[in-house]
2 protein chains.
Amino acid sequence: MQLNNTVQYAIRVLSYMSAGEEETLYNVKALSEELEISYKFLTKIMTVLSKADLIVSIRGRVGGFKLAKKPSQIALIDIISVFDPNIKEDICLLGLGECDSAHKCALHDQWIKPKADIQKMLEETTLDGIDKNNLKF
Amino acid sequence: MQLNNTVQYAIRVLSYMSAGEEETLYNVKALSEELEISYKFLTKIMTVLSKADLIVSIRGRVGGFKLAKKPSQIALIDIISVFDPNIKEDICLLGLGECDSAHKCALHDQWIKPKADIQKMLEETTLDGIDKNNLKF
DNA sequence: AATTAATACCACCTTAAGATAGTATTAAAT
DNA sequence: ATTTAATACTATCTTAAGGTGGTATTAATT
Ligand code: SF4
Ligand code: SF4
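The structure presented is a predicted model; accordingly, all values stated were derived computationally and were not measured. (Residues numbered from 1 in each chain as written. Chains lettered and ligands numbered in written order. Predicted model: local features only at pLDDT ≥ 70, side-chain atom pairs only at ≥ 80, totals over all residues. Heavy atoms only, no water.)

A. Broad picture of the layout of surface pockets. Residues and elements named next belong to chain A. Its volume calculated, the largest pocket comes out at about 180 Å³. Taken together, 15 residues line the largest pocket, and the ones lying closest to its centre are Cys-92, Leu-96, Cys-99, His-108 and Lys-115. If you list the elements that add at least two residues to the lining of the largest pocket, you get helix H5 (87-90) and helix H6 (108-124). Broken down by element, the residue count for the lining of the largest pocket peaks at four residues, all from H6. Residues that form the lining of the largest pocket fall into these classes: nine nonpolar, two polar and four charged. (1 Å grid on protein atoms, 1.4 Å probe; cavity = no way out; pocket = protein on both sides within 12 Å on 5 of 7 lines; lining within 4 Å. Points joined across faces, edges and corners; volume = space filled by probe spheres on them. Helix = DSSP H or I, 4+ residues; strand = E, 2+ residues; numbered from the N terminus. Nonpolar A, V, L, I, M, F, W, Y, C, P; charged D, E, K, R; others polar.)

This is the structure we're talking about:
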């Protein structure tokens, strides 16, 4: 019932980056200290986010990362999908992926409503719509 | 965003047991074959469920397990709590446990509604209210 | 050209969940 | 009493997520 650690970090970093001015460059060292996330682990995550075109990497001495789009154009579902491409199936409590009215798991009838709500929320919530306080836990 | 394997198995077994006559005894061998769950792993789970008083264990030659209460008196939240005592905090996407209006995570405002729905569902859904078909995936 | 500060890559370590194996205990049936 | 079929216990194996370490590459500064 929780997003995994990697995705949580990704959301926190992108939230942090979307709080500043557009086009601001952030380096991982500073981000890792500010958000209290392991530097090495964070570089790994940033590289993945970069390849997924959510952020842009600039190498070299005054390099860093910046958002690739406006915060309003990055939804939670986009971030999660990078690390968990099967997010839609994974929102299911019993994790049976393929299901129709004839083949449904024990909890389908009770779960389908909250599931739809969550999916909608993840699709509609973008980086500029979320609370930027308390980004380090 | 998914219940862990152990909890999923527990729900499936208890669902299966609640489909039959009251007081029916089930042995783990048969259950494991019927539901296609590893026998050894299932005995472990059953022992835990027994200690949590959701089922009653009867040792010896004609032993087995039976439900300790009526299906209508066992809610999903009761099953989940056995293996995940912090379920209430674990329903949070970013997994920050202790939070109030002043200290809330980035997703609190968006999440609080679905969270409440899920919690309500887990509390109100009992074993006799769920679909007993397709218990083996 | 050399230095420096950044990202990128590759291989490994650590931990916890998931699963298995072997043995002990219990109690009905014979 | 012995056998047998069940649960109970303890220790270990496996796998994937989480996390580290070391080095290569890039490009501005000097
Ligand atoms: S049957 Fe319904 S609740 Fe179950 S896994 Fe499929 S979509 Fe999800
Ligand atoms: S702040 Fe809200 S959403 Fe975040 S962990 Fe706490 S209760 Fe859950």
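Structure's up, so let's keep going.
B. Up close: the pairing of strand E2 (residues 64-67) of chain A. Residues and elements named next belong to chain A. Where strand E1 (residues 55-58) and E2 come together, four bridges link them in antiparallel fashion. Along E2, the bridge assignment pairs Ser-57 with Phe-65. Once E1 ends, the chain turns through five residues before running back antiparallel as E2, passing Gly-60 with a positive phi of about 90°. (Pairing = 2+ DSSP bridges.)

C. Focus on the relation of the copies chain B and chain A. The transform that puts chain B on chain A rotates by 180° and translates by 0.0 Å along the axis, for an RMSD of 0.0 Å. This pairing of chains is accounted for by a two-fold axis. For chain B, the smallest separation between a C-alpha atom and the rotation axis is recorded for Met1(B), amounting to 2.0 Å. A share of 100% of interface residues in chain B that are also interface residues in chain A marks the association as one of identical surfaces. (Least-squares fit on C-alpha atoms with pLDDT ≥ 70 in both. Contact = heavy atoms within 4.5 Å.)

D. Inspection of the site of ligand 1 at higher detail. Residues and elements named next belong to chain A. By nearness alone, every residue bordering ligand 1 is listed as Cys-92, Leu-96, Cys-99, Lys-104, Cys-105, His-108, Trp-111 and Lys-115. Here ligand 1 is seated within the largest pocket. Classifying every residue of the shell around ligand 1 by side-chain character gives five nonpolar, one polar and two charged. (Near = heavy atom within 4 Å. Sits in = over half its atoms within 2 Å of the grid points.)

E. Molecular detail of the packing of helix H2 (residues 28-35) of chain B against helix H3 (residues 39-51) of chain B. All names here are of chain B. Across the interface, H2 lies against H3 with an axial gap of 9 Å and an inter-helix angle of 120°. With respect to H3, the axis of H2 lies oblique. As for how H2 packs across H3, the hand of that crossing is right-handed. Of the residues in H3, those in contact with Val-28, Lys-29, Leu-31 and Ser-32 of H2 are Tyr-39, Leu-42, Thr-43 and Met-46. Its residues assigned to classes, the contact of H2 with H3 shows five nonpolar, two polar and one charged. (Axes fitted to C-alpha atoms, helices over the stretch in contact; angles between N-to-C directions. Parallel < 35°, antiparallel > 145°, perpendicular 65-115°, else oblique. Left-handed = near helix turned anticlockwise from the far one by under 90°.)

F. Seen up close, H3(B). Residues and elements named next belong to chain B. Over its 13 residues, H3 extends 19 Å from the first C-alpha to the last, a length consistent with the 18 Å expected when each residue adds 1.5 Å. All of the buried residues along H3 are Leu-42, Ile-45, Met-46, Leu-49 and Ser-50. Projected onto a plane normal to the axis of H3, the buried residues spread over an arc of 140° and lie on a single side. In H3, the exposed positions angled more than 90 degrees off the buried face are occupied by Lys-40, Lys-44 and Lys-51. Check the buried side of H3 and you find it contacts helix H1 (5-19), H2, strand E1 (55-58), strand E2 (64-67) and helix H4 (76-83). (Expected span 1.5 Å × (residues − 1). Buried < 20%, exposed > 50% of the residue type's maximum accessible area, 1.4 Å probe, protein only. Arc of directions from axis to C-beta.)

G. Region of the structure containing the protein's contact with DNA strand D. Surrounding DNA strand D, one finds 26 residues, the nearest of these being Ser38(A), Lys40(A), Lys44(A), Arg59(A) and Ser57(B). Within the side chain of Lys40(A), a nitrogen or oxygen atom sits 2.5 Å from a base oxygen of DNA strand D. Measuring from a base oxygen of DNA strand D, one finds a side-chain N or O atom of Arg59(A) at 2.7 Å. Going through the elements one at a time, helix H1 (5-19) and helix H3 (39-51) of chain A together with H3, E1 and E2 of chain B are the ones with two or more residues in the surface near DNA strand D. Sort the elements by how many residues they give to the surface near DNA strand D and H3(B) lands first, with four residues. (Polar contact = N/O pair within 3.5 Å; in protein donor to acceptor, adjacent residues only side chain to side chain.)

H. How the structure looks around the packing of aromatic side chains. Tallying each qualifying case throughout the model produces four aromatic pairs over all chains. Summarising the aromatic geometry, the rings of Tyr16(A) and Tyr26(A) are spaced 6.0 Å apart at their centres and angled 65° between planes, so their arrangement reads as edge-to-face. Here Tyr16(A), found in helix H1, pairs with Tyr26(A), found in the loop between H1 and helix H2 (28-35); they are ten residues apart in sequence, far enough to count as distant. When its relative accessible area of 26% is taken as the criterion, Tyr16(A) is described as partly exposed. A relative accessible area of 13% means that Tyr26(A) is categorised as buried. A centroid spacing of 5.8 Å and a plane angle of 80° characterise the contact between Tyr9(B) and Phe41(B), whose relative ring orientation is edge-to-face. Highlighted residues: Tyr9(B) in helix H1 and Phe41(B) in helix H3, separated in sequence by 32 residues. Overall, the relative accessible area of 17% leaves Tyr9(B) in the buried class. (Phe/Tyr/Trp six-rings, centres within 6.5 Å; stacked < 30°, edge-to-face > 60°.)

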